[in-house]
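Chain residues, written in single-letter form:
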Amino acid sequence: MYYMDKLTERKAQITKLNIMDDTFFHKIVEDKETCEEIIRVLMQNKELRLISSRAQFSLRNSGTKSSVLDAVCMDEDSRYYNIEVQKAERDDYQRRMRYNSSNLDTYFTEKGIKYAQLPDVYLFFLSDFDLFEAGETVYHVERRIRETGAKVDNGVYEIYINTKVDDGSEIAEMMKYFTDSNGRHPLFPKLSERVMYFKEVKKGVAEMSGVVEEYAKEYAKEYAKKCLEERERQIVEEMLRTGAALEYISKVTGYSIERIEKIQEELFACVN
């Protein structure tokens, strides 16, 4: 009885998740066939075939900013696809896409390769908000020559898709399922079957609940760390306001003089 109650509780928690949630999306796209179905819809190409699909693809760069991409796939023509999902507006997402593109080029390019051999890269940004606020479901961002208006192609394609605008297309229908991920959908059999596995099948529920629990633990750690950092900064600011010497603040807080000077500059710039 206790086990059944626990299973029911877990299913209730997971039922609330949808594909736009990071934790759920990452499990969904671990399956290559499901990811293939998603990309076929996004590309409007029913013949497209993937040969690989990786969720939470980590691009580690020594000495520079690293990144973890939500999903990276490659098709049989060696074209790469990066899918990112985002629910909140809190960053410069176009520059983020630019950074992802450069990281993918660096990671997958072999030494000595000619530039003409660089693979095409499709960057999909799926959001719960209309980034460009122009009332479109899909936005294709292209490079053009300002003086002539001619399109120029470097093999990188940016496509921004949102859940807010329903233009009646197949893509819009899939985005609706991304936000209300329940039941089976006749247009997206692989995707909805994967969703139901994690929401209804005992083994899938157990697997998904484990991921959610780990995510909750990591989130709690990050939140505690952020609160501590914010409190430490408040202490530095309070000491600066009282006129304490930088060396003394450094000794008390462990902050470097350079870091304290930067906080001082930001603090009094706001005051002025």
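Before reading further, recall that the structure is shown in the block above.
Residues numbered from 1 in each chain as written. Predicted model: local features only at pLDDT ≥ 70, side-chain atom pairs only at ≥ 80, totals over all residues. Heavy atoms only, no water.

Enquirer: When you look at helix α3 (residues 32-43) in this model, what are you seeing that I'm missing?
Expert: Each full turn of the α-helix corresponds to 3.6 residues, which orients residues three or four apart in the same direction. Look at α3: 16 Å from first C-alpha to last across 12 residues, which is about the 16 Å you get at 1.5 Å a residue. Of all 12 residues in α3, nine are buried; the element is thus mostly enclosed. For α3, every residue scored as buried is listed here: Thr-34, Cys-35, Glu-36, Glu-37, Ile-38, Ile-39, Arg-40, Val-41 and Leu-42. (Helix = DSSP H or I, 4+ residues; strand = E, 2+ residues; numbered from the N terminus. Expected span 1.5 Å × (residues − 1). Buried < 20%, exposed > 50% of the residue type's maximum accessible area, 1.4 Å probe, protein only.)

Enquirer: How should helix α6 (residues 189-200) be read in this particular structure?
Expert: Between its terminal C-alpha atoms α6 stretches 15 Å, which fits the 16 Å expected from 12 residues at 1.5 Å a residue. Those residues of α6 that sit buried are Leu-191, Ser-192, Arg-194, Val-195, Met-196, Phe-198 and Lys-199.

Enquirer: Help me understand the environment of Asn-162, please; the structure alone is not making it clear to me.
Expert: Mapping Asn-162 onto the fold places it in strand β8 (residues 156-162). When the C-alpha atoms of Asn-162 and Gln-86 are compared, they prove to be 9.5 Å apart, with 76 residues separating the residues in sequence. Only 2.7 Å separates the side chain of Asn-162 from the backbone oxygen of Glu-136, close enough to count as a polar contact. Among the polar contacts made by the side chain of Asn-162, one reaches the main-chain amide nitrogen of Lys-164 at a distance of 2.9 Å. (Polar contact = N/O pair within 3.5 Å; in protein donor to acceptor, adjacent residues only side chain to side chain.)

Enquirer: Explain the packing of α3 against helix α5 (residues 170-179) to me, please; I cannot follow it from the model alone.
Expert: Helix-helix packing: each pair is described by the crossing angle between the helix axes and the interaxial distance. Packing of α3 against α5 leaves a shortest axis separation of 8 Å and a crossing angle of 140°. Judged on the interaxial angle alone, α5 and α3 are oblique. Where α3 crosses over α5, the handedness of that crossing is left-handed. Contacts between α3 and α5 involve Ile-38, Val-41 and Leu-42 from the first element and Glu-170, Ile-171, Met-174 and Phe-178 from the second. Of the residues assigned to the contact of α3 with α5, the class counts are six nonpolar, no polar and one charged. (Axes fitted to C-alpha atoms, helices over the stretch in contact; angles between N-to-C directions. Parallel < 35°, antiparallel > 145°, perpendicular 65-115°, else oblique. Left-handed = near helix turned anticlockwise from the far one by under 90°. Contact = heavy atoms within 4.5 Å. Nonpolar A, V, L, I, M, F, W, Y, C, P; charged D, E, K, R; others polar.)

Enquirer: Explain unusual backbone geometry here, please?
Expert: Most peptide bonds are trans, and most residues other than glycine sit at a negative phi. Non-glycine residue Gln-56 carries a positive phi angle of around 45°. Relative to the helices and strands, Gln-56 is located in strand β1 (residues 50-59). Judged by its relative accessible area of 46%, Gln-56 is partly exposed.

Enquirer: Would you mind going over the sheet that holds β1 with me for this structure?
Expert: Two strands in a sheet stick together by hydrogen bonds in their backbones, pointing the same way (parallel) or opposite ways (antiparallel). Taken in spatial order, the six strands of this open sheet run β1-β2-β3-β4-β8-β5, and their pairing is mixed. Edge positions in the sheet fall to β1 and β5 (138-141), since each has one partner strand and no second. The average angle at which neighbouring strand axes cross in this sheet is 20°, direction not considered. For β1 and strand β2 (residues 67-75), the ladder comprises eight bridges, and the chain directions are antiparallel. Its bridge partner being in β2, Leu-59 is matched across the sheet by Ser-67. Across the sheet, α3 is in contact with β1, β2, β3 (80-86), β4 (121-127) and β8; its angle to β1 comes to roughly 95°. (Pairing = 2+ DSSP bridges.)

Enquirer: Looking at this model, I keep getting lost on the pattern of salt bridges. Mind explaining?
Expert: When charged atoms on two side chains of opposite charge get close, those side chains can pair. In this structure the tally under the stated criterion is 20 salt bridges. Glu-193 is the partner of Arg-184 in a salt bridge, and the nearest nitrogen-oxygen pair spans 3.1 Å. Here Glu-238 ties to Arg-231 by a salt bridge, and the two come within 3.6 Å at their closest N and O atoms. When its relative accessible area of 40% is taken as the criterion, Arg-231 is described as partly exposed. One network of salt bridges, with partners in common, ties together Lys-27, Glu-30, Arg-194 and Glu-207. (Salt bridge = Lys/Arg side-chain N within 4 Å of Asp/Glu carboxyl O.)

Enquirer: So what exactly am I meant to see when it comes to the nonpolar core here?
Expert: Across soluble globular proteins, nonpolar side chains have a tendency to be buried as a group. One finds Phe-24, Ile-38, Ile-83, Phe-124, Leu-126, Phe-178 and Leu-191 to be the most contacted residues of the largest nonpolar core, which totals 37 residues. With sequence-adjacent residues up to four places away left out, Phe-124 is seen in contact with Leu-42, Met-43, Tyr-81, Asn-82, Ile-83, Glu-84, Met-97, Ile-159 and Ile-161. Core analysis: the next-biggest nonpolar cluster, separate from the first, contains 15 residues, Phe-57, Leu-69, Tyr-80 and Val-121 among them. (Core = buried A, V, L, I, M, F, W, Y, C linked by side-chain atoms within 4.5 Å.)

Enquirer: Quick question: what am I supposed to make of the packing of aromatic side chains here?
Expert: The geometry of an aromatic ring pair comes down to the distance between the two centres and the angle between the two planes. Per the counting criterion, the structure on display carries 11 aromatic pairs. Among the aromatic residues, those joined into a cluster by ring pairs are Tyr-93, Phe-125, Phe-129, Phe-132, Tyr-139 and Tyr-160. Between Lys-199 and the ring centre of Phe-24, over which it is positioned, the NZ or CZ distance is 5.5 Å. For Arg-259, the ring lying beneath its charged end belongs to Tyr-255, and the centroid distance is 3.9 Å. (Phe/Tyr/Trp six-rings, centres within 6.5 Å; stacked < 30°, edge-to-face > 60°. Lys NZ or Arg CZ within 6 Å of the ring centre and 35° of its normal.)

Enquirer: Hey, could you run me through the side chain of Asp-21 in this one?
Expert: Here Asp-21 is to be found in the loop between α1 (2-15) and α2 (22-28). Its relative accessible area of 15% is what places Asp-21 among the buried residues. At 2.8 Å, the side chain of Asp-21 forms a polar contact with the backbone nitrogen of Asn-18. Once residues lying within four places of it in the same chain are set aside, the contact partners of Asp-21 are Lys-16 and Lys-87.

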